[in-house]
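Descriptive structure summary
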Amino acid sequence: MSFIEYGDTIKDGDTAIVFLGHESMFPVKVQHGTVTQTKYGVIRHSTDLIGKKYGSKVTCSKGGWVFILHPTPELWTMNLPHRTQILYSTDISIITMMLELKPGSIVCESGTGSGSLSHALIRTVAPTGHLYTVEFHQQRAEKAREEFREHGVDHLVTVTNQDVCKNGFGVSNIADAVFLDIPSPWEAIGHAKSALKTEGGRICSFSPCIEQVQRTCLAMEEYGFTEINTLEILLRVYNVRTISLQIPDLGKAAEDNSGTGFDSSNPSNQGSPGANLQQGTVQFKSGVPLREMVGHTGYLTFATKSLV
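Residues numbered from 1 in each chain as written. Predicted model: local features only at pLDDT ≥ 70, side-chain atom pairs only at ≥ 80, totals over all residues. Heavy atoms only, no water.

1. Comments concerning the environment of leucine 20
For leucine 20, the position within the fold is in strand S1 (residues 15–21). The exposure class of leucine 20 is buried, given its relative accessible area of 17%. For leucine 20, the residues in contact, after removing those within four places along its chain, are Met25, Phe26, Thr38, Lys39, Tyr40 and Val66. (Helix = DSSP H or I, 4+ residues; strand = E, 2+ residues; numbered from the N terminus. Buried < 20%, exposed > 50% of the residue type's maximum accessible area, 1.4 Å probe, protein only. Contact = heavy atoms within 4.5 Å.)

2. Side note on the UniProt feature "binding site: S-adenosyl-L-methionine" (unreviewed entry) in the protein
Mapped onto the present numbering, the UniProt feature "binding site: S-adenosyl-L-methionine" (unreviewed entry) falls on Ser114, Gly115, Ser116, Leu117, Glu135, Asp163 and Asp181. Take serine 116: it is sitting in helix H4 (residues 116–125). On the basis of relative accessibility, which here comes to 3%, the residue serine 116 falls in the buried class. What serine 116 contacts, discounting residues up to four positions off in sequence, is Thr77, Leu80, Ile86, Leu87 and Ile92. A distance of 2.7 Å separates a polar atom in the side chain of serine 116 from the backbone oxygen of leucine 87. In this structure, aspartate 163 sits in the loop between strand S9 (157–161) and helix H6 (164–167). Every residue in contact with aspartate 163, bar those within four places of it in the chain, is listed here: Phe136 and Gly168. (UniProt positions renumbered as here; feature names shortened; annotations may be inferred. Polar contact = N/O pair within 3.5 Å; in protein donor to acceptor, adjacent residues only side chain to side chain.)

3. Describing the domain arrangement of the protein
How big an interface is tends to be expressed through the accessible area that disappears when the partners come together. Partitioning the protein into structural domains gives domain 1 (9–71) and domain 2 (75–234 + 294–305). On a C-alpha basis, the centres of domain 1 and domain 2 stand 33 Å from each other. With eight residues of domain 1 at the interface, the matching set in domain 2 holds six residues. Roughly 630 Å² of surface becomes buried between domain 1 and domain 2 when both sides are summed, with 67% attributable to carbon and sulfur atoms. Remark: the boundary between domain 1 and domain 2 carries one salt bridge. Between lysine 29 and glutamate 150 there is a salt bridge; the shortest N-O distance is 3.4 Å. For the pair domain 1 and domain 2, the number of links is one residue pair in polar contact (both at pLDDT 80 or more). (Domains from an automatic or database assignment. Buried area = accessible area lost by both parts, 1.4 Å probe. Salt bridge = Lys/Arg side-chain N within 4 Å of Asp/Glu carboxyl O.)

Right, here's the structure in full:
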């Protein structure tokens, strides 16, 4: 099992996603002799999972059923164990695009955190690229190494436990892009510039507070970065519903119907436009925004390393 290559069959040691519904799923490590409890009953790994195909519908002990899905970076973001605050797909998508990442790209990242963005970056730069990720907290760094190994992507990522603001990324002049998600990104701008290729590259800094953005932008200008701009991404979700609205009484239709002897009670007239007007409502599909939406997550500041 690998997060960058799809496998058909569930194997011992795989990480799989147990899908109970769109709002209910969780990851599970498949192991011989292990059982997993769900609200629909027990899933026995040896008989219910191992050897089955990903996407299979599995019946639990109480008669309910679940789907077993192959993990992807998107599903992992929704289900990973939170060791820190994480980035979600809305911000990750714009980061990947604005940093101009592609297969073969070299990326430096700090901090690793829970690995949400890291998995997406690895999938983007595979199979010939590489991610150098720096995490200040030792236990989080060790856990990240363990997860990358279990997910079959450890050959594409190097995890370093150090302070990026003092010691940098441990590499020089090789990165196509740098991403910073740390409390004081302005202190790491110099190290980021050193990590980027001499022919240039892109940098992104994620900060929740505008004061952090201001200091980061000043540091970018000081180190000669150009094309500095800051974005905030807000996702607004719409539900498609059937809406009923009253037809306005403009008078003319009623006069026309009375003049022609229109009878709405006659079954032969039920499908005519006059019948709809007499009923006074019309139904149609419409997009309705949710009453609540995710608000501010953070500011994304992008810049380009100058060749001058």
